[in-house]
Amino acid sequence: MTESKREAFLAGERLDDVAIYLADSVVDDPATLAEYGERLEDGVLLIVPGESGRNAFSKATGKDAMAFAKEAMGEEGEIDADLTGGSCPACEGDEGQHASDERAESESNEIRVVFAFAEERNEEVGGIYAQGDVIHAYAQCVCGTAFSQRWVAGER
């Protein structure tokens, strides 16, 4: 995957695709998965057609992609604009919660999974949707906290 594919997604130019970031700790064979996406320092980022992307997310994580998104919508947090990390809202001011979690001993704010899609501009809905295409991003921290963030494509 080239950087331009990610940039096109983040600009709202790939409305039929989804983005999936999977930390190495989530997948059995990151090297094989990287053949289908962009290999990063600590994970893989995939930009794939919507339905097959949702299926790939479910297979890799054991969670239905849209059920995960619904769960994450209950908590707002900050997801990196490049979709490969973020700031877990459960971490803020409480490093102890994560430090005591054996999955997170070495990393107090490691994002395990990000799932994102873009929604086309919709002036009738108003709000952020009237400003442009909207990126919906959902993440999960090693502590298990799922959270979300949305923004106008191309503005971060």
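Conventions adopted
- Residues numbered from 1 in each chain as written.
- Predicted model: local features only at pLDDT ≥ 70, side-chain atom pairs only at ≥ 80, totals over all residues.
- Heavy atoms only, no water.
- Pairing = 2+ DSSP bridges.
- Helix = DSSP H or I, 4+ residues; strand = E, 2+ residues; numbered from the N terminus.
- Buried < 20%, exposed > 50% of the residue type's maximum accessible area, 1.4 Å probe, protein only.
- Contact = heavy atoms within 4.5 Å.
- Polar contact = N/O pair within 3.5 Å; in protein donor to acceptor, adjacent residues only side chain to side chain.

What about the sheet that holds strand β3 (residues 43-49)?
Strand order in the open sheet formed by six strands is β2-β3-β1-β6-β7-β8, and the pairing between neighbours is antiparallel. Pairing within the sheet leaves two strands with one partner each, and these edge strands are β2 (38-39) and β8 (146-152). The pairing of strand β6 (residues 111-119) with strand β7 (residues 134-141) spans eight bridges and is classified as antiparallel. What sits directly across from I111, in β7, is C141.

Digging into the side chain of T145
Relative to the helices and strands, T145 resides in the loop between β7 and β8. Residue classification places T145 among the buried positions, given a relative accessible area of 18%. Not counting the four nearest positions on each side in its chain, T145 is found in contact with C88, P89, A90, A139 and Q140.

Focus on the side chain of Q149
Relative to the assigned elements, Q149 resides in strand β8. Polar contacts involving the side chain of Q149 include one to the main-chain amide nitrogen of I79, which spans 2.6 Å.

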